[in-house]
Amino acid sequence: MIIGSRIHFFRQTASTMDECRSLARTGSIEGTVVSANFQGAGRGRFQRLWLSPSGENIQVSILLRPTITQLPYLNMAAALAASNTAREITGHHSEIKWPNDVQLAGKKLCGILIESEISGVEVDFAIIGIGLNVNLEPGRHEEIKNSASSLKQFCGRTVSRSQTFRILLKHLDYYYERIKAGESLTSEWASKLNMLGCNIQISFPGTNKPTINCKADSLNEDGSLSVRIDDGSMFTATAGEVTLRS
Ligand code: ATP
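Nothing here was measured: the structure is a model prediction, and the numbers come from that model. (Residues numbered from 1 in each chain as written. Predicted model: local features only at pLDDT ≥ 70, side-chain atom pairs only at ≥ 80, totals over all residues. Heavy atoms only, no water.)

S.K.: Please explain the environment of Ala86 as it appears in this structure.
M.R.: Considering the arrangement of structural elements, one finds Ala86 in helix H2 (residues 72-90). Exposure remark for Ala86: the relative accessible area of 0% places this residue in the buried category. C-alpha separation for the pair Ala86 and Val60, spaced 26 residues apart in sequence, amounts to 16 Å. Discounting residues that sit within four places of it in the chain, Ala86 has contacts with Gly91, His92, Ser94, Leu109 and Leu151. (Helix = DSSP H or I, 4+ residues; strand = E, 2+ residues; numbered from the N terminus. Buried < 20%, exposed > 50% of the residue type's maximum accessible area, 1.4 Å probe, protein only. Contact = heavy atoms within 4.5 Å.)

Structure (structure tokens):
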């Protein structure tokens, strides 16, 4: 088992990503895990705020030292691990919204953030950040009441965070071992994606790139999404925010 060889648990921290990055820069070993009961400045992509009341959910960052060719699979490993964890605990199948949201019944259960530091073609380290809603009650939070889900909602009871944590690390370790063995996770990941063939819109927050109206065509080995733009041309998206068009 690589993941969980060391576990640092904080009652409270600003960000498990920042704690994990400091550990990475000072030589901590691959598989080091940082988790917290509460993080004051949890963030998602594009510096968006991640909402997680103290003690309700799991926020965890995992330090890895993959090769550059293994890097694209980390996002897939995280999404598959969260999805399998949700199935093991709730019995429900979840879906993945490209590129990195895990959804239960169309609502976001888990956010994933991958950060890495690279020198030339060498990956110094990569960090997987996972925010998984365990006992969150979305109805109590105006900002996410219609868009978020939690394990508790699907179990109808309070869910053990420590058990969920162990299950999540177990699944993540399984997928990371496969990545290390040179396997691709793309087809398994793609089989859980929920928008292929749909009319979508892709926007690029934080950039001045224009929004694209298109149809999600296919996934590529590295997880990028090939789309057919409404004018008939093809485009490959490596990042962005996708919404369904009616
Ligand atoms: P999306 O594609 O869902 O708009 P994203 O992938 O760009 O989000 P993330 O980094 O995964 O963004 O998460 C940040 C967004 O998720 C916030 O803008 C907010 O809308 C939503 N959010 C924040 N906290 C939670 C939570 N606990 N559960 C579900 N959604 C949340």
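Here the narrative resumes, following the displayed structure.
S.K.: Is there a simple way to explain the site of the ligand in this structure?
M.R.: In the vicinity of the ligand there are 16 residues, among which Gly44, Arg45, Arg48, Leu51 and Lys108 approach most closely. Within the side chain of Arg48, an N or O atom sits 2.6 Å from an oxygen atom of the ligand. In the model, an oxygen atom of the ligand is placed 2.8 Å from a nitrogen or oxygen of the Asp101 side chain. Taking 630 Å² as the accessible area of the ligand by itself, protein coverage stands at 84%. If you map the ligand onto the pockets, it falls in the largest pocket. (Near = heavy atom within 4 Å. Polar contact = N/O pair within 3.5 Å; in protein donor to acceptor, adjacent residues only side chain to side chain. Areas by Shrake-Rupley, 256 points an atom, 1.4 Å probe, with all protein chains shown as cover. 1 Å grid on protein atoms, 1.4 Å probe; cavity = no way out; pocket = protein on both sides within 12 Å on 5 of 7 lines; lining within 4 Å. Sits in = over half its atoms within 2 Å of the grid points.)

S.K.: Quick question: what am I supposed to make of the layout of surface pockets here?
M.R.: Using a probe with the size of a water molecule, rolled over the atoms, empty space left in the structure can be pinpointed. As a volume, the largest pocket reaches approximately 840 Å³. In terms of lining, the largest pocket is formed by 41 residues, of which the most central are Arg48, Leu49, Trp50, Lys108 and Gly111. Mapped by element, the contributors of at least two residues to the lining of the largest pocket are helix H1 (16-25), strand S3 (58-64), strand S5 (101-104), strand S6 (107-119), strand S7 (122-132) and strand S12 (241-244). At five residues, the largest contribution of residues to the lining of the largest pocket is made by S6. (Points joined across faces, edges and corners; volume = space filled by probe spheres on them.)

S.K.: Mind showing me how you'd approach the pairing of strand S2 (residues 32-39) here?
M.R.: Taken across its eight residues, S2 has seven buried, putting it largely inside the fold. In the sheet, strand S1 (residues 6-13) pairs with S2 via seven bridges, with the strands oriented parallel. Bridge pairing in S2 places Ile7 opposite Val33. Remark: the S1/H1/S2 crossover connection has right-handed handedness. Where S2 meets S3, four bridges bridge the pair, whose relative direction is antiparallel. Across the sheet, the residue bridging to Val33 is Ile62, located in S3. (Pairing = 2+ DSSP bridges. Right-handed = clockwise from strand over helix to strand, strands pointing away.)

S.K.: Quick question: what am I supposed to make of the pattern of salt bridges here?
M.R.: As a working rule, side chains carrying opposite charge can pair if their charged atoms are close by. Taken as a whole and judged by the stated rule, the model has 15 salt bridges. Between Lys180 and Glu30 there is a salt bridge whose closest N-O contact spans 3.3 Å. Placement of the pair is Lys180 in helix H4 (residues 161-180) and Glu30 in the loop between H1 and S2, with a sequence separation of 150 residues. One connected set of salt bridges, linked through shared partners, spans Asp18, Arg21, Arg43 and Glu115. (Salt bridge = Lys/Arg side-chain N within 4 Å of Asp/Glu carboxyl O.)

S.K.: Would you mind showing me how to read the environment of Leu219 here?
M.R.: When you line up the elements, Leu219 lands in strand S9 (residues 212-219). Along the primary structure Leu219 and Glu143 are separated by 76 residues, whereas in three dimensions their C-alpha atoms are 31 Å apart. Sequence-distant contacts of Leu219, that is, excluding residues within four places in its chain, are made with Trp98, Trp189, Ala190, Leu193, Leu196, Ser224 and Leu225.

S.K.: So what exactly am I meant to see when it comes to unusual backbone geometry here?
M.R.: The phi torsion of most residues other than glycine is negative, and most of the peptide bonds are trans. That bond from Trp98 to Pro99 is cis: its omega, 0 degrees, falls within 30 degrees of zero. Structurally, Pro99 can be placed in the loop between strand S4 (95-97) and S5. Positioned with a positive phi, Ala105 is a non-glycine residue whose angle comes to about 50 degrees. As for its placement among the helices and strands, Ala105 is situated in the loop between S5 and S6. When its relative accessible area of 63% is taken as the criterion, Ala105 is described as exposed.

In short, the description is geometric, and any link to function would need to be established separately.
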